[in-house]
Amino acid sequence: MRLIAFDLEGTLVKSVYGWVELHKRFGTWEKGKEYAELFFSGKIDYVKWAELDASLWKGHTRDEIMEWVESVEYMDGARELIDFLKNRDFKIAILSSGLMCLAGKVAKELGVDYVFANELIFDEKGVITGKVKPHVDFKNKGVILRELKEELKPKLTIAVGDGFNDIVMFEEADVSIAINPHEGVRGDYEVKSLHEVKEIIEEILNFVRL
């Protein structure tokens, strides 16, 4: 059995960062930008940042969130790559610091085995309460992947992502693949498409004969 962990936004789907996209949809980006600056300057932690962001959306609905979710497109080759991996005994995980509303939909549609993301809290009428369960922050993707490895004991672990919060995931993997990486992000391989990711994995499997 093999294990592969994907970042979601900018990796499997074309959305770059759902929190920002929703802020812009809801007209809360100016305040959201202030909260982001507080986080990146070290003045608040990720949990507080997520809580502050979610509080700005109180009163909006699940339907509004899902309207955005339905607008998000897959990266070219995403379905083909996932099918390829399933046929080669890979367990597949999505590790996203974005929202479960999107990550869960993608995981269900693609048949992904494990999905970790942050959950907005809705009331019984589907209205955002302003609360959030922040399961995945900017630092713990590596911890999540390590725990999956300890549980599954795969012969090979691959990580695919594009951002700084994917670096800790890369460090836990046997092979890391950076797709259109942000400046300063490096993997064992750097590619521009999921088609290239598939080609690299084919080469690895042929070489190591796992």
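Analysis parameters
- Residues numbered from 1 in each chain as written.
- Predicted model: local features only at pLDDT ≥ 70, side-chain atom pairs only at ≥ 80, totals over all residues.
- Heavy atoms only, no water.
- Buried < 20%, exposed > 50% of the residue type's maximum accessible area, 1.4 Å probe, protein only.
- Helix = DSSP H or I, 4+ residues; strand = E, 2+ residues; numbered from the N terminus.
- Arc of directions from axis to C-beta.
- Contact = heavy atoms within 4.5 Å.
- Phe/Tyr/Trp six-rings, centres within 6.5 Å; stacked < 30°, edge-to-face > 60°.
- Pairing = 2+ DSSP bridges.
- Axes fitted to C-alpha atoms, helices over the stretch in contact; angles between N-to-C directions.
- Parallel < 35°, antiparallel > 145°, perpendicular 65-115°, else oblique.
- Left-handed = near helix turned anticlockwise from the far one by under 90°.
- Nonpolar A, V, L, I, M, F, W, Y, C, P; charged D, E, K, R; others polar.
- Right-handed = clockwise from strand over helix to strand, strands pointing away.

Participant: Looking at this structure, how should I read helix α4 (residues 62-71)?
Facilitator: Among the residues making up α4, those that are buried are Ile-65, Trp-68 and Val-69. Projected down its long axis, α4 shows its buried positions confined to an angular sector of 105°, all on one face. Within α4, the exposed residues directed more than 90 degrees away from the buried face are Asp-63, Glu-67 and Glu-70. Packed against the buried residues of α4 are α1 (18-26), α6 (100-110), β3 (114-122) and β4 (128-133).

Participant: Sorry, what's going on with the packing of aromatic side chains here?
Facilitator: Aromatic ring pairs: the centre-centre distance and the angle between the two ring planes describe each pair. By the definition in use, this model includes 7 aromatic pairs. Aromatic pair Phe-39 and Phe-40: ring centres 5.0 Å apart, planes at 75°, arrangement edge-to-face. Since its relative accessible area comes to 14%, Phe-39 is described here as buried. Take Phe-40: its relative accessible area is 56%, and that puts it in the exposed class. Aromatic side chains Tyr-46 and Trp-49 sit 5.6 Å apart centroid to centroid with 85° between the ring planes, which places their arrangement in the edge-to-face category. Placement of both Tyr-46 and Trp-49 in helix α3 (residues 46-55) is noted, with a separation of 3 residues, approximately one turn of the helix. Owing to a relative accessible area of 6%, Trp-49 belongs among the buried residues under this scheme.

Participant: Just checking my understanding: could you explain the sheet that holds β3 for this structure?
Facilitator: In a beta sheet, neighbouring strands pair by backbone hydrogen bonds and run either parallel or antiparallel. The mixed open sheet is built from 7 strands, whose spatial order is β4-β3-β2-β1-β5-β6-β7. One side of each edge strand has no neighbouring strand; the edge strands of this open sheet are β4 and β7 (189-191). Here the average twist between neighbouring strands, direction ignored, is 25°. One ladder, built from 3 bridges, connects strand β6 (residues 175-179) with β7; its direction is parallel. Its bridge partner being in β7, Ile-179 is matched across the sheet by Val-191.

Participant: Got a minute to help me understand the packing of α4 against α6 in this structure?
Facilitator: Angle between the axes and distance between the axes are the two parameters that describe a pair of packed helices. Axis separation between α4 and α6 bottoms out at 9 Å; the angle between their running directions is 50°. One way to sum up the angle between α4 and α6 is to call them oblique. Relative to α6, the crossing made by α4 is right-handed. Contacts between α4 and α6 involve Ile-65, Met-66, Trp-68, Val-69 and Glu-70 from the first element and Cys-101, Leu-102 and Lys-105 from the second. Residues belonging to the contact of α4 with α6 are distributed by class as follows: 6 nonpolar, no polar and 2 charged.

Participant: Help me understand the pairing of β3 in this model?
Facilitator: Within a regular strand, side chains alternate between the sheet's two faces. Relative to β3, strand β2 (residues 90-99) runs parallel, the two being bridged by 4 bridges. Considered in β3, the bridge of Ile-94 is made with Val-115. Following the chain from β2 across α6 to the adjacent parallel β3, one finds a crossover that is right-handed. Across 3 bridges, β3 lies against β4 in antiparallel orientation. Residue pairing in the sheet places Glu-119 in a bridge with Lys-133 of β4.

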